[in-house]
Amino acid sequence: MNNHKNLIVWQKSMEFVTAIYVVTKTFPKEEFFGIVSQMRRAAISIPSNIAEGYGRVYDKETSKFLSIALGSASEIETQLIISKNLDYIDVQEAQKLIEQIEEIIRMLTALIKSRSI
């Protein structure tokens, strides 16, 4: 049985959500309803859409939700760069998070390609 919890990309994206919540706690208070909210929603969207896709019966639906997860991962990569540019995240922490999301993006891309054969 295909279970999203067995996917390494889902596990890594769950860890990434936690990391985003931790790092955004240090952002300026005036950003709570701005970039903090946007980053948290995008991060949560990644494992949530993987799970929803794997809860679907048809491969086409699964691929659709994996594609949405990939879009959210690309979105948060951009938000991390913006946060670094605004000095909300120090360069080393930003680089670590960007490397994590790039790995998730690669894994999602490979998973989508493997399902569209």
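As the structure is a prediction and not an experimental result, all values here were calculated from the model.

About the cut-offs
- Residues numbered from 1 in each chain as written.
- Predicted model: local features only at pLDDT ≥ 70, side-chain atom pairs only at ≥ 80, totals over all residues.
- Heavy atoms only, no water.
- Core = buried A, V, L, I, M, F, W, Y, C linked by side-chain atoms within 4.5 Å.
- Buried < 20%, exposed > 50% of the residue type's maximum accessible area, 1.4 Å probe, protein only.
- Helix = DSSP H or I, 4+ residues; strand = E, 2+ residues; numbered from the N terminus.
- Contact = heavy atoms within 4.5 Å.
- Axes fitted to C-alpha atoms, helices over the stretch in contact; angles between N-to-C directions.
- Parallel < 35°, antiparallel > 145°, perpendicular 65-115°, else oblique.
- Left-handed = near helix turned anticlockwise from the far one by under 90°.
- Expected span 1.5 Å × (residues − 1).
- Phe/Tyr/Trp six-rings, centres within 6.5 Å; stacked < 30°, edge-to-face > 60°.
- Lys NZ or Arg CZ within 6 Å of the ring centre and 35° of its normal.
- Polar contact = N/O pair within 3.5 Å; in protein donor to acceptor, adjacent residues only side chain to side chain.

(A) Spotlight on the nonpolar core. Counting residues in each nonpolar core, the largest one holds 34 residues, and the members touching the most others are Ile-50 and Leu-108. Per element, the largest residue contribution to this core is 9 residues, and it comes from helix H4 (residues 91-115). Sequence-distant contacts of Leu-108, that is, excluding residues within four places in its chain, are made with Val-9, Ile-46, Ile-50, Leu-66, Ala-69, Leu-70 and Ala-73.

(B) Spotlight on the packing of helix H1 (residues 8-24) against H4. Their axes nearest at 10 Å, the elements H1 and H4 cross at an angle of 155°. Comparing the axis directions of H1 and H4 gives the class roughly antiparallel. Where H1 crosses over H4, the handedness of that crossing is left-handed. Contacts between H1 and H4 involve Ile-8, Val-9, Lys-12, Ser-13, Phe-16, Ala-19, Ile-20 and Val-23 on the former and, on the latter, Glu-93, Leu-97, Gln-100, Ile-101, Glu-103, Ile-104, Met-107, Leu-108 and Leu-111.

(C) Molecular detail of H1. If you check H1, its first and last C-alpha atoms are 24 Å apart, about what 17 residues at 1.5 Å a residue would give, namely 24 Å. Tucked inside the fold, the buried residues of H1 contact helix H2 (32-54), helix H3 (59-85) and H4.

(D) Looking closely at the packing of aromatic side chains. Under the criterion given, the structure shown has 2 aromatic pairs. Each ring, one from Phe-27 and one from Tyr-88, has its centre 5.3 Å from the other, and the planes form 50°; the classification is tilted. With Phe-27 in the loop between H1 and H2 and Tyr-88 in the loop between H3 and H4, this pair connects stretches of sequence that are 61 residues apart. The pair Phe-27 / Tyr-88 is uniform in exposure class, with both members buried. When the ring of Phe-32 is compared with that of Phe-33, the centres are 5.1 Å apart and the planes differ by 85°; the resulting orientation is edge-to-face. Above the plane of the ring of Tyr-54 lies Arg-115, whose end atom (NZ or CZ) is 5.2 Å from the centre.

(E) Here's a closer look at H4. The end-to-end C-alpha distance of H4 is 36 Å, a good match for the 36 Å that 25 residues give at a rise of 1.5 Å each. For H4, the complete set of buried residues consists of Ala-94, Leu-97, Ile-98, Ile-101, Ile-104, Ile-105, Leu-108, Leu-111 and Ile-112. In this fold, the buried residues of H4 make contact with H1, H2 and H3. Backbone nitrogen of Gln-92 and a side-chain oxygen of the N-cap are separated by 3.0 Å at the start of H4; the cap is Asp-90.

Function cannot be inferred from these measures alone, as they are strictly geometric.
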